[in-house]
Amino acid sequence: MSLPNKLPPDLLEISENMPSYAWNALTAAVAIAIGLAVKLIITRILKYYEKKADYQNYSFFRSFIVHLGVPFTYFIPLFLLNIALPLMRMNKLWYDPLNRIVDILLVLSFANILINCVKVAEDYVYHVYDLNKADNLKERKVRTQLTFIRKLFVAIIIFVTIAIILLSFESMRKIGTGLLTGVGIGGIIIGFAAQTSLGNLLAGFQIAFTQPIRIDDVLIAENEWGRVEDITLTYVVMRLWDQRRLILPINYFITKPFQNWTRISADLIGTVFIYMDYSIPLDPIREEFVRLLGLTKLWDKKVQVVQVTDAKEHTIEVRFLVSSGNSSDAFDLRCYIRENIITFIQKNYPESLPRLRAEFSGLPSQQPPPEISDFKQP
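Small disclaimer: the values here were computed from a predicted structure and weren't measured.

All right, on to a nonpolar patch on the surface then. A cluster of nonpolar side chains, Leu26, Val30, Ile34, Val38 and Ile42, forms an exposed patch at the surface whose accessible area comes to about 360 Å². Note on placement: Leu26 falls in helix α2 (residues 20-52).

Have a look at this one:
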């Protein structure tokens, strides 16, 4: 394959005097070296601005380097190598396969750049909508939608990339044309075979935009307490209180009832039940309850109630109502009240702890023991 006449005369003369393999290797090396140099310059510029930026622990330049540094390391040299390919002296028998391989690698690297661009955008949204606050309802809404959209967008990029690569082969185009004639029957067969997966996908769309659950929501599902850790296209991951993971199909949250403790807001009312004897005085218990709430930051100062909610055969049931900003604080606050009220009763009113009473109406009369003189000698 001859060189194009667009080369400068001096460079054309040098190339014609060099062996083909040496010229081809030099062309490829120069293209790759220029690509790496361009990538290095871009990285240096971004790192320079990263040091100057102050975004409260967030930097667009840092995010760009982390996610796009490696993809650009491959993309820029491949792009310049693709431009330099026509300058090589190569037989068509070798040129076409090499050009095809470079094109495929270029498509793959560009798809990788698009996927990482999504991650850069995700970092920015995560910075703006930070979950580390007490009232994070809006943040959880946005993150739930972003998580689903990101995964859907990545799936579309991968699908389109595979399609472009396959359609670049003549044989694959012929196969695709043949398959289009049976797309109706094929669609019906695929629909029946993948109806569960399609149902999960549609349920994912519904959850992403109607949002019965969100990222970091507190749920009770399958009699388990946990937080929503991840929402994928087909399933939901719940992180349980003991660090186990409960995996549920995404359509579970469309078809079955469950509890969402943070659907509207994160604050909760907690209950503590303590059973005591009828002799317990309630006023000191109320005073101690108010004192304990004033000593802890777990209480949000909204609800504080002490009530006798039941009177049973041997005990009375006293209910303590407390409120907290989130479910974790509510659990800790309930334990705090329960422990300290029990300790207070043990120290001050131990006789009022639950006990079983028994009453005897009287004892049978006892005769005095006989005297020794009453016994006769034989």
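What follows covers helix α11 (residues 327-348). In an α-helix, one turn spans 3.6 residues, which is why side chains three or four residues apart end up on the same side. Compared with an ideal rise of 1.5 Å per residue, which puts 22 residues at 32 Å, α11 spans 32 Å between its outermost C-alpha atoms and is within 8% of the ideal. For α11, the complete set of buried residues consists of Ser327, Ala330, Leu333, Ile337, Ile341, Phe344 and Ile345. Across the axial projection of α11, the buried residues extend over an arc of 115 degrees, all falling on one side. Of the exposed residues in α11, those oriented more than 90 degrees away from the buried face are Glu339 and Lys347. Where α11 begins, the capping side chain belongs to Asn326, and its oxygen is found 3.2 Å from the backbone nitrogen of Ser328.

Attention now moves to the pattern of salt bridges. As enumerated under the stated definition, the model contains 10 salt bridges in all. For Arg239, the salt bridge is made with Glu229, and the minimal N-O distance between the two is 3.8 Å. Taken together, the residues span a long stretch of sequence, with Arg239 in strand β3 (residues 235-240) and Glu229 in strand β2 (residues 224-231) at a distance of 10 residues. Residue class for Arg239 comes out partly exposed when judged on its relative accessible area of 25%. As a salt-bridge pair, Arg245 and Glu229 come within 2.7 Å of each other at their nearest N and O atoms. Taken together, the residues Arg245 in strand β4 (residues 245-249) and Glu229 in strand β2 connect sequence positions 16 residues apart. According to the relative accessible area criterion, Arg245 is partly exposed, its value standing at 40%. One network of salt bridges, in which partners are shared, links Glu224, Asp242 and Arg244.

A few words on the packing of helix α10 (residues 282-294) against α11. The contact between α10 and α11 brings their axes to 10 Å, and the two run at 140 degrees. What the angle tells us is that α10 and α11 run oblique. Both α10 and α11 take part in a crossing whose hand is right-handed. The residues of α11 that touch α10, namely those facing Pro284, Ile285, Glu288, Phe289, Leu292 and Leu293, are Leu333, Tyr336, Ile337, Asn340, Ile341, Phe344 and Ile345.

Glancing now at the packing of helix α3 (residues 60-84) against helix α4 (residues 92-128). Axis separation between α3 and α4 bottoms out at 9 Å; the angle between their running directions is 165 degrees. When the interaxial angle is binned, α3 and α4 end up roughly antiparallel. As α3 runs across α4, the sense of the crossing is left-handed. Here the residues of the contact of α3 with α4 sort into 16 nonpolar, seven polar and three charged.

Mapped onto the elements, Lys151 comes out in helix α5 (residues 137-167). When its relative accessible area of 17% is taken as the criterion, Lys151 is described as buried. A polar contact is formed between the side chain of Lys151 and the side chain of Asp230, at a distance of 2.8 Å. Among residues more than four places away in sequence, those in contact with Lys151 are Asp230, Ile231, Thr232 and Leu233.

Applying the stated criterion across every chain yields a total of eight aromatic pairs. Pairing Phe75 with Phe110 gives two aromatic rings, centres 6.0 Å apart and planes at 40 degrees, and the pair type is tilted. Of the two residues, Phe75 sits in helix α3 while Phe110 sits in helix α4, which places them 35 residues apart along the sequence. Residue classification places Phe75 among the buried positions, given a relative accessible area of 17%. Look at Phe110 and you get partly exposed, because its relative accessible area is 42%. A network of ring pairs unites the aromatic residues Phe72, Phe75, Phe79 and Phe110 as a single cluster.

All right, on to the sheet that holds strand β7 (residues 304-311) then. Across the sheet, which stays open at both edges, the three strands sit in the order β6-β8-β7 with antiparallel pairing between neighbours. With one partner strand each, in any of the chains shown, β6 (268-276) and β7 form the two edges of the open sheet. Strand-to-strand, the axes of this sheet are offset by a mean angle of 25 degrees, without reference to chain direction. Two elements, β7 and strand β8 (residues 316-324), share seven bridges in a ladder whose sense is antiparallel. Bridge assignment links Gln304 to a residue of β8, and that residue is Val322. Against the sheet, α10 touches β7 and β8, its axis set at about 145 degrees to β7. Contacting β6 and β8, α11 crosses the sheet at an angle of about 20 degrees to β6.

Right, let's talk about the side chain of Ser327 for a bit. Topologically, Ser327 is positioned in helix α11. Apart from the residues within four sequence positions on either side, Ser327 is in contact with Val218, Trp225, Arg227, Trp261, Ala266 and Leu268.

Formed by 19 residues in total, the largest nonpolar core has its most connected members in Phe289, Leu293, Phe320, Ile337 and Ile341. Mapped by element, the contributors of at least two residues to this core are β6, α10, β8 and α11. No other element matches the five residues that α11 contributes to this core. Formed by 16 residues, the second largest nonpolar core is a distinct cluster that contains Ala221, Ile231, Met238 and Leu248.

Cut-offs applied
Note that residues are indexed from 1 along each chain, following the sequence as it is written. Totals for whole chains, interfaces and linings use all residues, but because this is a predicted model, local features are given only for residues with pLDDT of at least 70 and pairs of side-chain atoms are given and counted only at 80 or more. Here the side-chain values reflect all heavy atoms present in the structure, with hydrogen atoms and water set aside. Only residues whose relative accessible area exceeds 30% and that take part in no salt bridge are eligible for patches, with like-charged residues grouped when within 9 Å of each other and nonpolar side chains (Val, Leu, Ile, Met, Phe, Trp, Tyr) grouped when within 5 Å. In this description, accessible areas are obtained by the Shrake-Rupley approach with a 1.4 Å probe, and a residue is regarded as covered only by the protein chains that are shown. Salt-bridge detection follows one rule: a side-chain nitrogen of Lys or Arg within 4 Å of a carboxyl oxygen of Asp or Glu. A helix here means a DSSP run of H or I that spans at least four residues, while a strand means a run of E at least two residues long, and both kinds are numbered starting from the N terminus. Any helix carries an expected span of 1.5 Å times its number of residues minus one. Here the term buried applies to any residue with accessible area under 20% of the maximum for its type, exposed to any over 50%, and partly exposed to those in between, with areas from a 1.4 Å probe on protein chains only. Throughout, the arc means the angular range of directions from the helix axis out to the C-beta atoms. Throughout this description, a polar contact denotes any pair of N or O atoms lying within 3.5 Å of each other; where both atoms belong to protein, one of them has to be capable of donating a hydrogen while the other can accept it, and for residues adjacent in sequence the pair is counted only when both atoms sit in side chains. All axes here are fitted lines through C-alpha atoms, helices being fitted over the stretch that makes contact, and every angle between N-to-C directions spans 0 to 180 degrees. An angle below 35 degrees is treated as roughly parallel, one above 145 as roughly antiparallel, one from 65 to 115 as roughly perpendicular, and anything else as oblique. Working rule for handedness: look at the near helix, and if it is turned counterclockwise from the far one by less than a right angle, call the crossing left-handed; if clockwise, right-handed. For this analysis, residues touch if any pair of their heavy atoms sits within 4.5 Å. In this classification, the charged set is Asp, Glu, Lys and Arg, the nonpolar set is Ala, Val, Leu, Ile, Met, Phe, Trp, Tyr, Cys and Pro, and all remaining amino acids, among them Gly, are polar. In this analysis, rings of Phe, Tyr and Trp, with Trp reduced to its six-membered ring, are considered paired at centre separations within 6.5 Å, and the interplanar angle assigns stacked below 30 degrees, edge-to-face beyond 60, and tilted for intermediate values. Should DSSP find at least two bridges between two strands, the strands are taken to pair. By nonpolar core is meant a set of buried Ala, Val, Leu, Ile, Met, Phe, Trp, Tyr and Cys residues that side-chain atoms within 4.5 Å join together.

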